[in-house]
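What follows is each chain in one-letter form.
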Amino acid sequence: MNVSLIWWGLGIYFVISLFIAFLSRTGKQTNMGAYFLGDRKLGGFVSALSYSATTYSAFMLVGLAGLTYSGGVGALGFELIYLMGVSLIAFFGPRFWIVGKKYGYITPSQMIGNRYQSKAVAITIAISNCLFLIPYSAVQLAGVGYLLQGISNQQISFHTGVIIATVLAIIFAYIAGIRSVAWTDSLQSLFMIIGSTFVVLFLIHELGGFTVFVQKLETNHPELLTVPGNGFFSFLTFIGLTIPWFFFSISNPQVSQRLFMPASLKSMRHMLLGFMIFGFIYTFVSIFWGYSAFLLEPGLGNPDLATSVVLTSSAIPPVLGVIVMVGIIAAAVSTIDSILLTLSSMFAKDVYGNIKKESADRAQLKLGKIVIPIIAIMAYFFANLQLNLIAVLSVASSAGLIVVVPAIIGAFFWKKGTAIAVLASVIIPGIAVLIIELFQIKPFGLASGLWGLILSSLLFISVSLFTKAPKQKADEFIDYIQDNVYKKNLS
Amino acid sequence: MKEKNWAILIGTIVLAAFIIPFTFLSSVEKWYGSMLFWPILTLIVIACNAILTKDWSNEE
């Protein structure tokens, strides 16, 4: 693709996003709640689009299309079961929201630490989240590097691409904290969905219309319409992939922190339903993208190349190709900037705030702002190192974050859960997941995420039974939810 | 309907989403097999969420 066209596309994207980021600045961001949670006043529409942009990274149009290319319709089932899992927000959302307001929580790890009355819990969860999410961000940055390198025929180097993505993520996070992230996210999600939908419509047209498209699949590649189909999606592989993602909306802090932010429960409802509709459409677009690549060019050695096959195909006018390239970069950047903010708020609140006694809110905010570029630069270096370990940690991220799920469910529904049980259920299964991923083993055929969930559930329950629960806090926390959310809004 | 019953209903749908494509639909090599089944279940779940959250209030 023409390099000057690519630069023009990037330039226009940058200028519009920067404009939106500056527009988003309202009020003074002089405390943690304002900077990281938008004063808990986000409206439903922006919340929905921003939630979508944060959740859907470059994975969708690269990885999910690649999964479809390799295994067919199972990829659709995987992604839609994840989407059904977002229903967890209908149950956990109001609970996060109401205790967030009452106790002034800024981060999910702060909430869990306070609920179990343990600073060690807050610090441990914050650090383990960083351990898995920084490499995940690094892989997103590297994704942008590879995309620009591939699409420009090596004329834009991998490093240039990585630097561009890092700088964009820092700027969007820095200008106004969560406000600039939410607003630029909204714009980026529109880029993502409009651009990619157009491409799919073009491709289907190129392949002879929707009916012919489906007929081609049914006649020539029927195995791509069933599971296990060609064998790629065996049942165990399918659940190993799907279950960690099912819990994504409560296990991943960059999205669960969003549950503190809506202005009202009505705004949260708009966020939830808006996201589900966005996700439904975007999933279809990504799946058809993968199928089209297969029909256009079956037999690629590396299925992750499916995206560049589509983008460089003659069916796509170059301008549309550039729009989608910007869409994929936007998807990566909008995921990274949210992770940057969440991790820096965790570092400031849970690590610094708990280690240094009597640190004021203002000092935490100052530190949080210093940490944003530091985390971004760490991700940048990881992306450039291209170590195997980074890839392992990134792949392990959904499995590594799932170990917190029993502690989160327990916080809201089980008064007997204890701090020691949380520590055991986060640390031991977290290490187990890392070992399983590092040595690429599948004990009893089960993937790392399943082991993480099984081990952490067993440890959380059994250790709780033998240790002392913070009874007073548990009663106060859970009863407050019952009295204020449940009776008023969820009858 | 109580919150708990909604949880059971959605849980059952999710369970069906794991089991049925791998059993009854595993030999239906048509667009109206798994490719239609999963989206229908998802739309039902979205509708459940819409009903379940319809009374969430405007109160800040």
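Residues numbered from 1 in each chain as written. Chains lettered and ligands numbered in written order. Predicted model: local features only at pLDDT ≥ 70, side-chain atom pairs only at ≥ 80, totals over all residues.

Peer 1: Would you explain the overall build of chain B in this entry?
Peer 2: When helices and strands are tallied, chain B shows 2 helices and 0 strands. Over its C-alpha atoms chain B spans a radius of gyration of 15 Å, topping by over 25% the 10 Å that the globule rule assigns to 60 residues. Seen through its C-alpha atoms, chain B measures out along the principal axes to roughly 50 × 20 × 15 Å. (Helix = DSSP H or I, 4+ residues; strand = E, 2+ residues; numbered from the N terminus. Rg over C-alpha atoms; globule rule 2.2 N^0.38 Å.)

Peer 1: I tried to follow the overall build of chain A on my own but got confused; where do I start?
Peer 2: In terms of helices and strands, chain A carries 24 helices and 0 strands. For a compact globule of 491 residues, the expected C-alpha radius of gyration is about 23 Å, and chain A comes in at 22 Å, within 12% of that figure. Taking the principal axes of the C-alpha coordinates as reference, chain A spans close to 65 × 50 × 45 Å. Taking all 491 residues of chain A together, 59% fall into the buried category. Across chain A, every contact between residues at least 6 apart in sequence was considered, and the portion connecting residues at least 24 apart equals 83%. (Buried ≥ 20, exposed ≤ 12 C-beta atoms within 10 Å, placed from the backbone. Contact = placed C-beta atoms within 7 Å.)

Peer 1: I'm lost on the nonpolar core in this one. Help?
Peer 2: Side chains that are nonpolar tend, in soluble globular proteins, to be buried together. Residue and element names in this part refer to chain A. With 188 residues, the main nonpolar core has Ile112, Leu141, Met325, Ile329, Leu340 and Val422 as its most contacted residues. The element contributing the most residues to this core is helix α17 (residues 318-355), with 20 residues. Among all residues touching leucine 340, those that are not within four sequence positions of it are Ala169, Ala173, Ile372, Ile375 and Ala376. (Core = buried A, V, L, I, M, F, W, Y, C linked by C-beta atoms within 7 Å.)

Peer 1: Can you walk me through the interface of chain A and chain B in this structure?
Peer 2: By convention, interface size is frequently given as the accessible area that disappears when the constituent parts associate. Opposite the 31 residues of chain A that make contact, chain B presents 34 residues. Broken down by secondary-structure element, the contributors of at least two residues to the side of chain A that touches chain B are α5 (74-85), α6 (88-103), α11 (209-220), α12 (235-246), α15 (265-296) and α24 (471-489) of chain A. Partitioned by chemical class, the residues of the side of chain A that touches chain B number 22 nonpolar, 5 polar and 4 charged. (Nonpolar A, V, L, I, M, F, W, Y, C, P; charged D, E, K, R; others polar.)

Peer 1: It is not clear to me how the packing of helix α7 (residues 108-115) of chain A against helix α8 (residues 119-151) of chain A should be interpreted in this structure. Could you clarify?
Peer 2: Packed helices, taken two at a time, are described by the angle their axes make and the gap between the axes. Residues and elements named next belong to chain A. In contact at an axis separation of 7 Å, α7 and α8 are set at 155° when each is read in the N-to-C sense. Considered as vectors, α7 and α8 are oriented roughly antiparallel to each other. When you trace α7 past α8, the crossing you get is right-handed. Along its contact with α7, which presents Ser109, Gln110, Ile112 and Gly113, the element α8 presents Lys119, Val121, Ala122, Ile125, Ala126 and Asn129. Across the contact of α7 with α8, the residue classes tally to 5 nonpolar, 4 polar and 1 charged. (Axes fitted to C-alpha atoms, helices over the stretch in contact; angles between N-to-C directions. Parallel < 35°, antiparallel > 145°, perpendicular 65-115°, else oblique. Left-handed = near helix turned anticlockwise from the far one by under 90°.)

Peer 1: How do you make sense of unusual backbone geometry when you look at a structure like this?
Peer 2: Among all residues except glycine, the phi angle is most often negative; among peptide bonds, the trans geometry is most common. Residues and elements named next belong to chain A. With an omega of -10°, the peptide bond running from valine 227 to proline 228 counts as cis. In this structure, proline 228 sits in the loop between α11 and α12. Within the chain, arginine 40 stands out as a residue other than glycine whose phi angle is a positive 55°. Looking at where arginine 40 falls in the secondary structure, it is placed in the loop between α2 (32-37) and α3 (44-55). In this structure, asparagine 153 takes a positive phi of about 55° despite not being glycine. Tracing the sequence through the fold places asparagine 153 in the loop between α8 and α9 (158-176). Accessibility expressed as a C-beta count within 10 Å gives 11 for asparagine 153, which makes it exposed.

Peer 1: Just checking my understanding: could you explain helix α10 (residues 178-206) of chain A for this structure?
Peer 2: Residue pairs spaced three or four apart in an α-helix point in one direction, given the helix's 3.6 residues per turn. For α10 of chain A, which comprises 29 residues, the first-to-last C-alpha distance of 41 Å matches the rise-based estimate of 42 Å (1.5 Å per residue) to within 8%. Looking at the residues trailing α10 of chain A, positive phi occurs at glycine 208 of chain A, about 105°. (Expected span 1.5 Å × (residues − 1).)

Peer 1: Before we go on, may I ask you to explain the environment of asparagine 129 of chain A in this structure?
Peer 2: Examined against the element boundaries, asparagine 129 of chain A turns out to sit in helix α8. Linking asparagine 129 of chain A and serine 397 of chain A, residues 268 residues apart in sequence, is a C-alpha distance of 8.6 Å.

Peer 1: Explain the environment of isoleucine 370 of chain A here, please?
Peer 2: Residues and elements named next belong to chain A. Along the polypeptide, isoleucine 370 turns up in helix α18 (residues 361-385). Given 12 C-beta atoms within a 10 Å radius, isoleucine 370 is considered exposed. Residues isoleucine 370 and tyrosine 174 lie 196 residues apart in sequence; the distance between their C-alpha atoms is 9.9 Å.

Peer 1: Which parts of the structure should I look at to understand α3 of chain A?
Peer 2: Residue and element names in this part refer to chain A. Between its first and last C-alpha, α3 extends 16 Å over 12 residues, near the 16 Å set by a 1.5 Å rise per residue. The complete set of buried residues in α3 reads Val46, Ser47, Ala48, Leu49, Ser50, Tyr51, Ser52, Ala53, Thr54 and Thr55. The inward-facing, buried residues of α3 contact α10, α14 (253-256), α15 and α17.

Peer 1: What's the story with the confidence of the model for chain B in this structure? I'm lost.
Peer 2: Segments scoring low in pLDDT should not have their predicted coordinates read at a detailed level. When the pLDDT values of chain B are averaged, the result is 93; 100% of them are 70 or greater. We note a pTM of 0.93 for the whole complex and an ipTM of 0.97 for its interfaces. (pLDDT = per-residue confidence, 0-100.)

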